[in-house]
Each structure stands twice: as structure tokens, then as C-alpha cells.
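# A structural walkthrough
Chain residues, written in single-letter form:
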Amino acid sequence: MKIYVDADACPVVKIVEAVAEKHGMPVTLLCDTNHILTSGYSEVKTIGAGADAVDFALINLCKKGDLVVTQDYGVAAMALGKGAYAIHQGGMEYTPENIDRLLMERHLAKKARMSKSRHHLHGPAKRTGEDDLRFEAALEALLARIKP
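One structure accompanies this document, and this report is about it.

For glutamate 140, the location among the structural elements is in helix H5 (residues 129-146). Looking at glutamate 140, the relative accessible area reads 19%, which means it is buried. Of note is the side chain of glutamate 140, whose polar atom sits 2.8 Å from the side chain of histidine 23.

Given below as C-alpha cells:
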């Protein structure tokens with residue numbers, strides 16, 4: 001079992017590495033050439049810039065039983081399709097039961113942004129220490145459940 005992180009602008013990389021190291025699990029961080037990542041623990045793979053290049057590289061690498069950390073619902077859906085597990089940087093586990101709803105919400109939000117409506121959607125709230133604690137607890141619980 002490996003952990004793959006969609007690491008472009010991912011705020012939980014250090015938490016993932018700390019938890020993985022505690023459990024003796026390998027981590028691969030994937031980023032594009034617009035980001036520079038270094039790690040004393042994880043393998044870092046820099047993927048050529050391009051629309052969704054990192055996403056497809058991550059999905060090509062992950063296998064059944066691996067864990068993917070991503071905020072991208074599309075990446076999560078593809079990981080689940082391969083039999084991998086997926087978790088959002090907010091701590092929500094992606095599951096076959098919630099992924100269709102999440103993808104539909106993403107689609108509707110995109111339609112709303114593209115419309116000429118006066119209703120403007122706001123981005124996510126600023127990340128807090130509580131968010132980090134919630135993610136760490138969710139990651140630990142998920143690993144406790146799925147780790148062989």
C-alpha cells in the first residue's frame with residue numbers, strides 16, 4: 001500500500017508525511033513543473049506542466065488498495081474506480097456512495113460560475129489549525145481501517 005498526494009498547492013503534505021512515517025508507509029508526492037517540492041521522506045515526482053498532467057500521472061501510478069490524497073473530485077472518482085481509497089485535504093473520505101453527488105455539485109457550481117447570473121460563489125474559507133487536526137484524525141482513522 002502506498003500513499004499518493006496530488007501535491008500541487010496541497011496544504012496537508014507535512015501531515016501526510018508525518019502520519020505515513022509513523023505507520024512506515026511510502027509516500028509519493030506529484031506536482032507539476034510550476035511547483036518546486038522537496039522532501040526528506042517522500043518520493044517527489046515532477047510531471048510536465050499541462051492540463052491534468054499530474055492528475056493522470058497519479059492515476060496511472062495508483063493501484064487497488066493505495067490511498068490518494070486530493071481535493072480534485074475527478075481524481076478521486078478515478079482512484080475509486082481503480083479500487084484505491086481517496087481522502088480530501090479537509091478530511092472527507094471519498095466513497096462510491098458520495099462521489100456521484102460531489103461530481104454533480106462540482107458540475108452545477110461550474111455552470112453557476114459560467115452563467116451571467118449575479119449570484120457569485122465564494123471560494124473556500126481560509127484553512128485553520130482545526131482543519132489540519134480534522135484531516136490528521138480522518139487520515140489516521142482511514143489508515144486504521146484499511147491498512148493491511
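Here we take up the pairing of strand E1 (residues 3-6). On E1, burial covers both faces: Ile3 and Val5 on one face and Tyr4 and Asp6 on the other are all buried. In terms of strand pairing, E1 meets strand E2 (residues 27-32) through four bridges, oriented parallel. Considered in E2, the bridge of aspartate 6 is made with leucine 30. Note that the unit made of E1, helix H1 (residues 13-23) and E2 has a crossover that is right-handed. Two elements, E1 and strand E4 (residues 67-69), share three bridges in a ladder whose sense is parallel.

Grouped together as the largest cluster of nonpolar side chains are 21 residues, with contacts concentrated most on Ile3, Val5, Val16, Val69 and Phe135. When residues no more than four places from it in sequence are discounted, the contact partners of valine 69 are Ile3, Tyr4, Val5, Asp6, Val12, Val16, Ile87 and Phe135.

On to the side chain of aspartate 8, then. Assignment of secondary structure puts aspartate 8 in the loop between E1 and H1. Classification of aspartate 8 by relative accessible area gives buried; the value is 19%. A polar contact of 2.9 Å, which involves the side chain of aspartate 8, links it to the backbone nitrogen of aspartate 32. Here aspartate 8 is in contact with Leu30, Cys31, Asp32, His35 and Val54, once residues within four sequence places are set aside.

Let's shift gears to the sheet that holds strand E5 (residues 85-87). On the basis of which strands lie adjacent, the open sheet formed by six strands has the order E3-E2-E1-E4-E5-E6 and mixed pairing. With one partner strand each, in any of the chains shown, strand E3 (43-47) and strand E6 (93-94) form the two edges of the open sheet.

This brings us to unusual backbone geometry. Positive phi values are uncommon outside glycine, yet alanine 9 reaches one of about 60 degrees. With respect to the helices, strands and loops of the structure, alanine 9 is situated in the loop between E1 and H1.

Before going further, it helps to spend a moment on the environment of alanine 20. Inspection of the secondary structure puts alanine 20 in helix H1. Residues alanine 20 and lysine 2, 18 residues apart in the sequence, show an inter-C-alpha distance of 9.2 Å. Each residue touching alanine 20, except ones within four places of it in the same chain, is listed here: Ile3, Met25, Val27 and Tyr41.

Each value, and the rule that gives it
- Residues numbered from 1 in each chain as written.
- Predicted model: local features only at pLDDT ≥ 70, side-chain atom pairs only at ≥ 80, totals over all residues.
- Heavy atoms only, no water.
- Helix = DSSP H or I, 4+ residues; strand = E, 2+ residues; numbered from the N terminus.
- Buried < 20%, exposed > 50% of the residue type's maximum accessible area, 1.4 Å probe, protein only.
- Polar contact = N/O pair within 3.5 Å; in protein donor to acceptor, adjacent residues only side chain to side chain.
- Pairing = 2+ DSSP bridges.
- Right-handed = clockwise from strand over helix to strand, strands pointing away.
- Core = buried A, V, L, I, M, F, W, Y, C linked by side-chain atoms within 4.5 Å.
- Contact = heavy atoms within 4.5 Å.

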